[in-house]
Amino acid sequence: MKTQVGIIGAGPAGLVLAQLLAQQGVESVVLEDRSRTYVEARIRAGILEQSTVDVLTEAGVGDRVHREGLRHDGIHLQWPGHREHLDFSALCGRSVWAYGQTEVVKDLINARLATGHPLHFEVSDVALHDVETNRPRITYTDRDGVAQTLECLVIAGCDGSHGPSRDLIPSTVRHTWERTYPFAWLGILADVPPSTDELIYAWHPDGFALHSMRSPTVSRLYLQVRPDEDITSWSDDRIWSQLAHRLDLDGWQLHTGPILEKSVLPMRSFVNTPMRHGNLFLAGDAAHIVPPTGAKGLNLAVSDVALLARALADLVVKKDGARADAYSENALRRVWRATHFSWWMTSMLHTTGDDFDAQLQLSQLRYVATSRAAAASLAENYTGMPISDDGAGWSGSDPDHT
Ligand code: RFL
Ligand code: PHB
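Moving on, we come to the overall build of the protein. Secondary structure assignment for the protein yields eleven helices and 20 strands. Here the C-alpha coordinates of the protein stretch approximately 65 × 50 × 45 Å along the principal axes. Expressed as a percentage of the 402 residues in the protein, the buried residues total 56%. In the protein, of all internal contacts separated by at least 6 residues, the share reaching a separation of at least 24 is 71%. Put simply, the protein shows about 16,700 Å² of open surface, and 49% of that area lies on carbon and sulfur atoms.

Given below as structure tokens:
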């Protein structure tokens, strides 16, 4: 079999890339080792930056997010006795949307299958070959157990943090940076209407808590826990009472309901460079991981492939390699900005057990809540850098800037 772009992974990165390439007349084959049901049910991120919604719209899969997504024009920052609202529209003129990754993935799979272009689930033994040549290949076993070879012009490694693609970059050119954090999140999905209009990010001496949401009837909440936390020691009652305790504010009440899912997520920052080696291009979690505090993981995956789709269309259709040559550097500018912001939000909001750290965190929270400049910095990072080929940043995005 032959294709122009072989895409490994049907997560947000691989599926958005396939959709954007198809729109530009570039053929691709998507290979995914999990089942469609598994991929569509995997509960992960929930906040989409405006640029992400724009890319999904441009990719022809924006209808449902516009219809069912909940637009948020700010967040609440909380510490004991205080809940301060940051108004993103006033601070930077941008918004975010609460819309689950499960729904983004369902929309993308439906769109891909509707075009009739290949998307193969439940493949195994995926291996990449000759990525430094003009004829890279992917070998795999299809769901019927038949060995297959896919000849490509380029390969897009969109296979997440545990996929095989990243390892094809030789150690002589590869550089990685990593930070593991001394805490994790216990996340729940609950069948109860959100108790808040905007997300609440709460600092508390007993640990961070976050109130998010998926729809007008489903809430998503998180608690800071130890990385080795045993989930079986967290009964539903214990989870709700810790959430109520950490999110407590006079005159406000947390509504509880049936817990549909609970899991512990480790927290890590990781960056792999370069994001291109020969005719292998990495995108999304295959190249970088951020802790979820900044809500950036899914958004970075989408911005990577927005840049990559243009680069690959130029390379494959026009035989113009300029954007492909600049891809790694341009994508990494956004990646490092999001890596810093996610680390900063994580450091500001998670208790370490150290009293000095706690005082610095409270001082920072008061500063962000009272200084327009500090609040605007959080707002423009949270709502995300506009996507541009040269990673030029935010110039021109300030509504007051002429
Ligand atoms: P994905 O979504 O992991 O997709 C990669 C796909 O590649 C497939 N794959 C393979 N396919 C074929 N052959 C192989 N050998 C393969 N190996 C892997 C996988 O099955 C999968 O379908 O990466 P992508 O597309 O880059 O998207 C990135 C986002 O999914 C990710 O950044 C976020 O979800 C991160 N993240 C969260 N981000 C947030 O902003 N907020 C959250 O609350 C949040 N929760 C999470 C998360 C990531 C998690 N993981 C990865 C541990 C919760 C979890 C559990
Ligand atoms: C979520 O809704 O899952 C969510 C929201 C904000 C974050 C992380 C996760 O920072």
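To continue, consider the site of ligand 2. Residues in close proximity to ligand 2 total 14 residues, the closest being Tyr201, Ser212, Arg214, Tyr222 and Pro292. For ligand 2, whose free accessible area comes to 280 Å², the fraction covered by protein is 98%. For the shell around ligand 2, the secondary structure elements donating two or more residues are strand E14 (199-202), strand E15 (209-215) and strand E16 (218-225). With three residues, the top contributor of residues to the shell around ligand 2 is E15. The residue inventory of the shell around ligand 2, partitioned by class, reads eight nonpolar, three polar and three charged.

Taken together, 30 residues lie around ligand 1, and Ala13, Glu32, Arg42, Gln101 and Asp285 are the ones closest in. In this structure, Asp285 approaches ligand 1 through a side-chain N or O atom, which is 2.6 Å from an oxygen atom. Burial of ligand 1 by the surrounding chains reaches 84%, relative to a free accessible area of 1,000 Å². Among the secondary structure elements, those contributing two or more residues to the shell around ligand 1 are helix H1 (12-23) and helix H8 (297-318). The biggest single contributor to the shell around ligand 1 is H8, with three residues. Broken down by class, the residue content of the shell around ligand 1 amounts to 15 nonpolar, seven polar and eight charged.

Next up on the list: the pairing of strand E13 (residues 175-190). Of the pairings in the sheet, the one linking E13 to strand E17 (residues 259-273) comprises 13 bridges and is antiparallel in character. When the sheet's bridge partners are listed, Glu178 is paired in E17 with Phe270. In the sheet, E13 pairs with E16 via seven bridges, with the strands oriented antiparallel. Bridge pairing in E16 places Leu186 opposite Leu223.

Reading the values: rules and limits
Residues numbered from 1 in each chain as written. Chains lettered and ligands numbered in written order. Predicted model: local features only at pLDDT ≥ 70, side-chain atom pairs only at ≥ 80, totals over all residues. Heavy atoms only, no water. Helix = DSSP H or I, 4+ residues; strand = E, 2+ residues; numbered from the N terminus. Buried < 20%, exposed > 50% of the residue type's maximum accessible area, 1.4 Å probe, protein only. Contact = heavy atoms within 4.5 Å. Areas by Shrake-Rupley, 256 points an atom, 1.4 Å probe, with all protein chains shown as cover. Near = heavy atom within 4 Å. Nonpolar A, V, L, I, M, F, W, Y, C, P; charged D, E, K, R; others polar. Polar contact = N/O pair within 3.5 Å; in protein donor to acceptor, adjacent residues only side chain to side chain. Pairing = 2+ DSSP bridges.

The quantities given are spatial measurements derived from coordinates; they are silent on function.
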